[in-house]
Amino acid sequence: MKRLLLVSLLLLPFAANAGLYENTGFVPGTIWMSPSTYFAGDTVTLYTVLFNGDKTAISGAATFFDNGTKISETPFTFAVDKPVLEISAPWKAAEGEHLISVSLTTKTGGLRYASSSPVRSYVDKDTDADHIGDIADDDDDNDGLSDIDEARLGTDPLNPDTDKDGMPDGQEVSQGTNPRIADPISARIQFASTTLGKIEAATVPIANGIESVRQNLDAWVDSTSDTLKKEIAAQKSVATTTNKLGFSQPSATAKTTSSMPTPFSLFSPRNVLAGLSTINFFTSSQPIFYISVFIVTLLCVRLLFALMNRRHE
Ligand SMILES: [Ca+2]
Ligand SMILES: [Ca+2]
Ligand SMILES: [Ca+2]
Ligand SMILES: [Ca+2]
């Protein structure tokens with residue numbers, strides 16, 4: 001995205017806002033922020049693009065300003081063969097109106113100065129951090145009561161628990177307690193109990209589902225293991241009978257050849273039985289099973305985060 005913008009800017013006709021050198025200054029309209037959506041308290045990166053039309057190396061400093069106050073100073077150097085330069089600076093956005101600008105200074109050939117066209121930006125608060133600014137958000141504190149209802153009821157639209165009794169304003173209205181007066185401990189205990197009950201009601205079906213999977217898997221492993229044990233016993237019995245009747249055994253060479261592992265021999269009854277015994281170790285014991293599920297889930301989450309970080313790099 002950033003690269004696309006840079007390329008598009010290069011297509012714009014060059015014009016320095018004020019003469020640093022005859023052909024050196026800012027590409028027009030080139031102050032932008034990343035990320036493009038941000039709120040008060042966020043740290044964003046300011047970018048601009050400089051252009052050097054002279055075939056000489058120039059160095060100096062670019063100073064970013066917010067409402068005329070210096071944010072930071074970034075040194076820059078134009079190489080002779082690189083006429084375009086992108087520079088950036090971090091900026092912690094505060095709520096309110098902002099006028100962002102950049103100026104260039106250099107001592108090459110005497111002190112020179114140029115300034116960019118300023119960019120106007122209004123930074124909104126996002127009280128409940130739901131990525132919708134308070135101006136556009138109908139429920140700034142996300143307590144279940146709209147800003148309009150909070151104004152009507154006299155509660156604080158920027159505080160989800162106006163009376164600080166531990167029960168959110170919206171919950172108090174729906175259960176009939178007063179969101180502006182701290183309720184007695186008995187009401188809070190009742191609220192906590194109801195909340196825990198809801199959490200339990202939401203998690204019990206999931207827990208039951210996992211337990212059902214464990215029991216079914218354990219039953220299948222037991223049943224399949226029994227079948228394989230019988231099959232192996234039957235094969236042993238046939239081999240013993242063959243020996244007693246005096247049939248010749250395969251030669252040593254043939255034995256060696258036949259014992260070479262093949263993709264199919266890996267799934268012999270004995271190997272499958274060994275695998276099932278391993279699975280049975282995890283499924284037959286509740287503690288071992290749930291600890292294993294927890295560890296696997298943890299590893300999956302870490303892998304997911306690692307992949308997401310790699311995508312963002
Ligand atoms: Ca919000
Ligand atoms: Ca609210
Ligand atoms: Ca409350
Ligand atoms: Ca209350």
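Residues numbered from 1 in each chain as written. Chains lettered and ligands numbered in written order. Predicted model: local features only at pLDDT ≥ 70, side-chain atom pairs only at ≥ 80, totals over all residues.

Engineer: Break down the nonpolar core for me, with residues and values.
Structural biologist: Judged by nonpolar contacts, the single largest core of 13 residues is most densely connected at Val 44, Leu 46, Leu 50, Phe 64, Trp 91 and Leu 104. Of all the secondary-structure elements, those providing two or more residues to this core are β2 (43-52), β3 (58-66) and β6 (96-106). Per-element tally for this core: the top contributor is β2, with 5 residues. (Core = buried A, V, L, I, M, F, W, Y, C linked by C-beta atoms within 7 Å. Buried ≥ 20, exposed ≤ 12 C-beta atoms within 10 Å, placed from the backbone. Helix = DSSP H or I, 4+ residues; strand = E, 2+ residues; numbered from the N terminus.)

Engineer: Describe helix α4 (residues 185-244), with residues and values.
Structural biologist: The terminal C-alpha atoms of α4, which comprises 60 residues, lie 85 Å apart, in line with the 88 Å expected from a rise of 1.5 Å per residue. Bending of α4 peaks at approximately 30° at the position of Thr 203, with proline Pro 205 no more than four residues after it. The buried count for α4 comes to 1 of 60 residues, which makes it a mostly uncovered element. (Expected span 1.5 Å × (residues − 1). Bend = angle between axes of the 7 residues up to and from the residue.)

Engineer: Explain the pairing of β6 residue by residue, including any values.
Structural biologist: The pairing of β3 with β6 spans 6 bridges and is antiparallel. Bridge pairing in β6 places Ala 62 opposite Leu 104. Examined bridge by bridge, β6 and strand β8 (residues 119-123) share 5 bridges and lie antiparallel to one another. Across the sheet, Ile 100 pairs through a bridge with Val 119, a residue of β8. (Pairing = 2+ DSSP bridges.)

Engineer: Lay out unusual backbone geometry in plain terms, naming residues and giving numbers.
Structural biologist: Cis geometry marks the peptide bond from Ser 34 to Pro 35, where omega comes out at 0°. Positive phi, normally seen in glycine, also occurs at Lys 164, with a value near 55°. Structurally, the position occupied by Lys 164 is in the loop between α2 (147-153) and α3 (169-175).

Engineer: Could you give an account of the packing of α4 against helix α6 (residues 269-283), naming the residues involved and the relevant values?
Structural biologist: The description of two packed helices rests on the angle between their axes and on the distance between the axes. Running from N to C, α4 and α6 point in directions that differ by 150°, and their axes come no closer than 9 Å. Classified by the angle their axes make, α4 and α6 are roughly antiparallel. Relative to α6, the crossing made by α4 is left-handed. Here Arg 214, Leu 217, Asp 218, Val 221, Thr 224, Ser 225, Leu 228, Lys 229, Glu 231 and Ile 232 of α4 come into contact with α6, specifically with Pro 269, Arg 270, Val 272, Leu 273, Leu 276, Ile 279, Asn 280 and Thr 283. The residue makeup of the contact of α4 with α6, split by class, is 9 nonpolar, 4 polar and 5 charged. (Axes fitted to C-alpha atoms, helices over the stretch in contact; angles between N-to-C directions. Parallel < 35°, antiparallel > 145°, perpendicular 65-115°, else oblique. Left-handed = near helix turned anticlockwise from the far one by under 90°. Contact = placed C-beta atoms within 7 Å. Nonpolar A, V, L, I, M, F, W, Y, C, P; charged D, E, K, R; others polar.)

Engineer: An account of the confidence of the model for the chain is needed here, citing residue identities and associated values.
Structural biologist: The predicted structure's coordinates, where accompanied by low pLDDT, should not be read in detail. Summing up the model confidence of the chain, the mean pLDDT is 83 and the portion of residues at 70 or higher is 81%. At the low end of the mean pLDDT range in the chain sits helix α1 (residues 2-10), at 33; at the high end sits α2, at 97. Confidence drops under a pLDDT of 50 for residues 1-20, and excluding neighbours within four residues, the segment shows 34 contacts in the predicted structure. Across residues 251-258, confidence stays below pLDDT 50; counting only partners more than four residues off in sequence or on other chains, it has 2 contacts. (pLDDT = per-residue confidence, 0-100.)

Engineer: Describe the environment of Ile 210, and please don't skip the residues or the numbers.
Structural biologist: Looking at the element boundaries, Ile 210 is found in helix α4. For Ile 210, a count of 13 C-beta atoms within 10 Å translates into the label partly exposed. Each C-alpha atom, one on Ile 210 and one on Tyr 290, is 9.2 Å from the other, the two residues being 80 residues apart in sequence.

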